[in-house]
Amino acid sequence: MSNPSHTANGAGYRIVPALGETPIFHAGDRVRVLTREPIGHYRVPRYLRGKTGVVKTVIEPAGIDNEEEGYGRNAGNRRHYYRIAFPMTAIWPDYVGSPRDGLFIEVYETWLERI
Amino acid sequence: MESSHGHDHAHDHPHAELGQAGRPGYYDMLETAVRELLVERKLIGADEIRRQIEVLDSRTPALGAKIVARAWVDPAFRARLIADGRATCEADFGVTFYDDTSLIVLENTDKVHNLIVCTLCSCYPRPILGLPPDWYKAKPYRARAVIEPRAVLAEFGTVIPDDVEIRVHDSTAMVRYMVLPRRPAGTESYSEDQLAALVTRDTMIGVVPITLDGGRVAR
Amino acid sequence: MTQTENLVKRLPNDIGGLSAEPVQQLDHVLEPWEKRCHALADVLDFHKIINTEEKRCGVEALGAEMVGKLTYYERWIVAFANILFRKGILAPSDVAHKMAEVEARWTNDTAGASTAQPRR
C-alpha cells in the first residue's frame, strides 16, 4: 500500500510518503516490545514489556495512536499496528502447556524495536 | 423506560415499577441525570438512546452462528471471511461495525485451537455476537486466559491435546476476533439452519467446542 | 517510595498474567439502566463527545479501588460524568441538581400515585 519513493516513470511526478506513513516492520520481522512505563493511559499490557515476538501481519490501514486517542487526540498522523505472535514460553518463564502455544496481539509501531 | 422528556411525568419513568422493591439505585439515577441533561442541551437526541438499544438488542450470537454455518457449507465464503472478516460480514450479512474496528475470523483446525480475550477491558466482536457475558469481562478470565489457557479451558470442560497449538488473541486495539469452530462429524446432512443451531456464543469465544446437542446439555 | 510506583506504573485494568480465582461462568441480564448506559456510550461516541478510548481512559482513571468495587456499568457512568465535567460539557452542580430532581420525581410518584404507570 505505501511504497517508498513511488515513481511513475515518465509521468513527471513522484509520491513521497509523509512521516510515519510507511510501515517500519514487515511480516516475519523479529521485534521486541519496549520497556517503557508510561504514566496514564496505555494499551500495551505490562506482561508484554520487553518480550520478543514475530510480526505476523502489518495491519492496514494505518491507525491513530490509541494511547493518545484516550486523551481526545484522535486526528492527525497515523502509524501502523502490527499483529505480533509471541510464543507463550517467551512471555512466561514457567508456562504450563504446550511449547507450541502462542499469544497474538496488536501493538502500535511506537512500542516496537527491531532485533 | 428510556429518555424522559424532562418534566412530563405522564410518560414512562426509568425506575422500578411502582409496588416493586426499591427506588432506582444511585447509578441508575446518575445515568438518568446525565442522559437527561445531554438531551436538554441538545447534545444527544431524545430518541437516540432508545434507537441504540434496539441496535444492541438486534445483535445476538445467532448472527455469529449463521456466519459460522455459512462458512462451513460454502468454501468460497469461508475464504473471503478469513481474508477480510469485516468486509465479508458487511457485504453478505449487512453487519455494521464500530469505528475503524476490523474483524479477524480465527479458524480452529485439528492442529490449532483459538481463544479470544481482552485483558485490558472487554473488547469483543459485539456487532456479530452481541454483548459479552460477565465472566468474559471479569478478572479471572482476563487475568488467566493469557498465562494458563489450558487450565482455563479445562474449567469450561475443554481439554486440548498437547499436540494442538493454542493461540490466545488479546484484543487491545482495532482488531476484533471471532473463532470459527470446527464443524463436528456427523453433520454432513444438516441444513445451514441446523448447523447454525449448533453454534453457541461460547464456541465462538473459543472456550468450548461445538457439540451435537448445541450446548443444551449443562457442562 | 518504590512500593507506590507500582500503582502508577500498572493501570488497575492491566491484569493479564496476574493470579486470579477459577472462572465462574456468571452472567446476568442487563438492568434497564445498564443497557441505557451502554447505548449512551455508543451515542456519545457517535456524536464525538466521548470516544471509546476516552471512555477506557476514564474508567482507568477511577483508580484501583473504584475499579475493583464498582460493577462494569457503574464504572462507565461515573467515568462519563467525570469526562463530561473535565470537558466542560456538564458541571457537577448540574448533575447534582438533576439527580435530586430524578429522586424527587420517584418519591412524588410513589407517594401520590394510585395507579401504577406500566413500564415499557
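Criteria and cut-off values
Residues numbered from 1 in each chain as written. Chains lettered and ligands numbered in written order. Predicted model: local features only at pLDDT ≥ 70, side-chain atom pairs only at ≥ 80, totals over all residues. Helix = DSSP H or I, 4+ residues; strand = E, 2+ residues; numbered from the N terminus. Contact = placed C-beta atoms within 7 Å. Rg over C-alpha atoms; globule rule 2.2 N^0.38 Å. Buried ≥ 20, exposed ≤ 12 C-beta atoms within 10 Å, placed from the backbone. Pairing = 2+ DSSP bridges. Axes fitted to C-alpha atoms, helices over the stretch in contact; angles between N-to-C directions. Nonpolar A, V, L, I, M, F, W, Y, C, P; charged D, E, K, R; others polar. Expected span 1.5 Å × (residues − 1). Core = buried A, V, L, I, M, F, W, Y, C linked by C-beta atoms within 7 Å. Left-handed = near helix turned anticlockwise from the far one by under 90°. pLDDT = per-residue confidence, 0-100.

## Here's the deal with the overall build of chain B
At step 1: The helix and strand inventory of chain B stands at 11 helices and four strands.
At step 2: Once local pairs closer than 6 in sequence are excluded, the contacts in chain B between residues at least 24 apart make up 66%.

## Observations concerning the overall build of chain C
At step 1: Within chain C, the regular secondary structure consists of six helices and zero strands.
At step 2: Its helices and strands taken in sequence order, chain C reads α-α-α-α-α-α from the N to the C terminus.
At step 3: The C-alpha atoms of chain C give 18 Å as radius of gyration, which overshoots the globular expectation for 120 residues (14 Å, by more than 25%).
At step 4: Counting only C-alpha atoms and orienting by the principal axes, one finds that chain C spans roughly 60 × 40 × 30 Å.
At step 5: When each of the 120 residues of chain C is scored for burial, the buried share is 38%.

## Regarding the sheet that holds strand E3 (residues 165-170) of chain B
At step 1: Strands sit in the order E7(A)-E3(A)-E4(A)-E5(A)-E6(A)-E3(B)-E2(B) across an open sheet of seven strands; the sheet is mixed. At either margin of the open sheet sits one strand with a lone partner, and together these are strand E7 (112-114) of chain A together with strand E2 (112-117) of chain B. For this sheet, the mean angle separating the axes of adjacent strands, direction not counted, is 35°.
At step 2: Two strands pair when backbone bridges link them, and strand E6 (residues 102-108) of chain A and E3(B) are joined in this way by four bridges, in the parallel orientation. Bridged to Phe104(A) within E3(B) is His169(B).

## Comments concerning the interface of chain B and chain A
At step 1: Every contact between the two is made by 19 residues of chain B and, on the other side, 18 residues of chain A.
At step 2: Mapped by element, the contributors of at least two residues to the side of chain B that touches chain A are helix H9 (149-155) and E3 of chain B.
At step 3: Top contributing element to the side of chain B that touches chain A by residue count: E3(B), with six residues.
At step 4: In terms of residue class, the side of chain B that touches chain A is made up of nine nonpolar, three polar and seven charged.

## Some details on the pairing of strand E5 (residues 79-87) of chain A
All names here are of chain A.
At step 1: Here six bridges tie strand E4 (residues 52-63) to E5, and the two strands are oriented antiparallel to one another. Residue pairing for E5: Thr-57 is matched across the bridge by Arg-83.
At step 2: Bridge count between E5 and E6: seven bridges; the pairing is antiparallel. Looking across to E6, one finds that Ile-84 is bridged to Ile-105.

## Brief notes about helix H1 (residues 26-40) of chain B
At step 1: With 15 residues, H1(B) should reach 21 Å at 1.5 Å per residue; the first-to-last C-alpha distance of 21 Å fits that figure.
At step 2: In terms of burial, H1(B) is a largely internal element, 12 of the 15 residues being buried.
At step 3: Those residues of H1(B) lying buried are Tyr27(B), Asp28(B), Met29(B), Leu30(B), Glu31(B), Thr32(B), Ala33(B), Val34(B), Arg35(B), Glu36(B), Leu37(B) and Leu38(B).
At step 4: The inward-facing, buried residues of H1(B) contact helix H2 (48-58) of chain B together with helix H2 (32-46), helix H5 (72-86) and helix H6 (92-112) of chain C.
At step 5: Directly beyond the C-terminal end of H1(B), a positive phi value near 60° is found at Lys42(B).

## Considering the interface of chain B and chain C
At step 1: The partner chain C presents 52 residues to the 49 residues of chain B that form the contact.
At step 2: Of all elements in the fold, only H1, H2, helix H7 (134-137), helix H8 (139-144) and H9 of chain B reach the threshold of two or more residues within the side of chain B that touches chain C.
At step 3: When residues in the side of chain B that touches chain C are grouped by element, the largest group, 11 residues, is from H1(B).
At step 4: Its residues placed into classes, the side of chain B that touches chain C shows 25 nonpolar, seven polar and 17 charged.

## Regarding the nonpolar core
At step 1: Counting residues in each nonpolar core, the largest one holds 70 residues, and the members touching the most others are Leu103(A), Val107(A), Val68(B), Val117(B), Met178(B) and Val199(B).
At step 2: In terms of residue count, helix H3 (residues 61-73) of chain B provides more of this core than any other element does, seven residues in total.

## Here's the deal with the pairing of E3(B)
Residues and elements named next belong to chain B.
At step 1: The element E3 is extensively covered by neighbouring structure, given that five of its six residues are classed as buried.
At step 2: Two strands pair when backbone bridges link them, and E2 and E3 are joined in this way by six bridges, in the parallel orientation. By the bridge assignment, Ile-116 is partnered in E3 with His-169.

## So, the packing of H1(B) against H2(C)
At step 1: Direction vectors running N to C along H1(B) and H2(C) enclose 40°, while the axes themselves pass 10 Å from each other. Relative to H2(C), H1(B) is oriented so that their crossing is left-handed. Contacts between H1(B) and H2(C) pair Tyr27(B), Asp28(B), Glu31(B) and Arg35(B) from the former with Trp33(C), Arg36(C), Cys37(C) and Leu40(C) from the latter.
At step 2: Here the contact of H1(B) with H2(C) is built from residues that sort into four nonpolar, no polar and four charged.

## Side note on the environment of Arg70(B)
At step 1: Relative to the assigned elements, Arg70(B) resides in helix H3.
At step 2: Leaving out residues up to four positions away in the same chain, Arg70(B) has contacts with Phe77(B) and Glu192(B).

## Notes on the confidence of the model for chain B
At step 1: The predicted model of chain B averages 90 in pLDDT, with 88% of residues at 70 or higher.
At step 2: Between residues 1-20 of chain B, whose pLDDT stays under 50, and residues either more than four places distant or in other chains, the model counts 49 contacts.

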